[in-house]
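# Examining the three-dimensional arrangement
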Amino acid sequence: MLVSKHNDVVPVPEICSLEDFMANPPEGMEWVDEQLVEKTGMTLKHSEIQFNIGFYWRSYINSIQQGGKVYTEVPCRTYKQGRRPDVAYLTPQLVAEFGDVPTLPQSFPLIAEIVSPTDLAEELFLKAQEYLQSGCEEIWLVFPESQLVFVMTDNQVLGFKAGDVVSTQKVLLGFSVTINELLT
């Protein structure tokens, strides 16, 4: 199978099913609606925020000696798709159970998705619901241009704006950071 990537043709492994994706997830691709889909729209700002979130989460788990791991663009399975969250946290228990698999067979407990210029808000909220229905306990939806962060759990959606302090609700309890630090 060949996938077009910015006018270049890039060979990818033959992926026929979600199980194939789980066993051999192609770099930069997701399995959505029974098709390989390239993750696109990454900008310098997107990458910087992705790094910031990963750095702050990792620093926090180190400071409280909680353990676990923080990942970027790592594959996981939802109830119907193969996804690659922008940033994800895996608890020490789940690292012990699944630390060596090519694709996590469920959603990560804590996920951050950063909105790219090509993303549609409705699709992003649907993706968040998909994660929550597949084992995720908390997801952060980060909107860089409008300087908003929505924190979603199975029973609430909280909104934060520039100047606010955003904090975790269910996973990495006690973690907080200002929106300004996160987005700049």
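Residues numbered from 1 in each chain as written. Predicted model: local features only at pLDDT ≥ 70, side-chain atom pairs only at ≥ 80, totals over all residues. Heavy atoms only, no water.

### Thoughts on the nonpolar core
One recurring pattern in soluble globular proteins is that nonpolar side chains are buried together. Ranked by internal contacts, the top residues of the largest apolar core, which has 23 residues, are Ile53, Trp57, Trp140, Val149, Val166, Leu172 and Leu182. Residue assignment for this core shows that the elements contributing at least two residues are α2 (44–63), β8 (87–90), β9 (110–114), β10 (138–143), β11 (148–152) and α5 (179–183). The element contributing the most residues to this core is α2, with 5 residues. Every residue in contact with Leu172, bar those within four places of it in the chain, is listed here: Trp57, Tyr60, Ile61, Gln66, Tyr89 and Leu110. Ranked by size, the runner-up nonpolar core spans 20 residues in total, among them Ala88, Leu132, Ile139 and Leu141. (Core = buried A, V, L, I, M, F, W, Y, C linked by side-chain atoms within 4.5 Å. Buried < 20%, exposed > 50% of the residue type's maximum accessible area, 1.4 Å probe, protein only. Helix = DSSP H or I, 4+ residues; strand = E, 2+ residues; numbered from the N terminus. Contact = heavy atoms within 4.5 Å.)

### As for the pattern of salt bridges
If charged atoms from side chains of opposite charge come close, those side chains can pair. Taken as a whole and assessed by the stated rule, the structure comprises 9 salt bridges. Lys39 is the salt-bridge partner of Asp86, the closest N and O atoms lying 3.1 Å from each other. Of this pair, Asp86 sits in the loop between β7 (82–83) and β8 while Lys39 sits in the loop between β4 (35–38) and α2; the two residues are 47 residues apart in sequence, bridging distant segments of the chain. Overall, Asp86 belongs to the buried group, its relative accessible area being 2%. Salt bridges sharing partners connect three or more residues here, namely Glu30, Arg83, Glu113, Lys127 and Glu130. (Salt bridge = Lys/Arg side-chain N within 4 Å of Asp/Glu carboxyl O.)

### Details of the environment of Ile64
Among the structural elements, Ile64 can be located in the loop between α2 and β5 (69–72). Measuring from C-alpha to C-alpha, the distance between Ile64 and Glu48 comes to 24 Å, with 16 residues separating the pair along the chain.

### Observations regarding the pairing of β9
Across the 5 residues that make up β9, a large majority, 5, are buried. The alternating pattern of β9 places Leu110, Ala112 and Ile114 on one face and Ile111 and Glu113 on the opposite face, and all of these are buried. In terms of strand pairing, β8 meets β9 through 3 bridges, oriented antiparallel. Its bridge partner lying in β9, Ala88 is registered against Ile111. (Pairing = 2+ DSSP bridges.)

In short, the description is geometric, and any link to function would need to be established separately.
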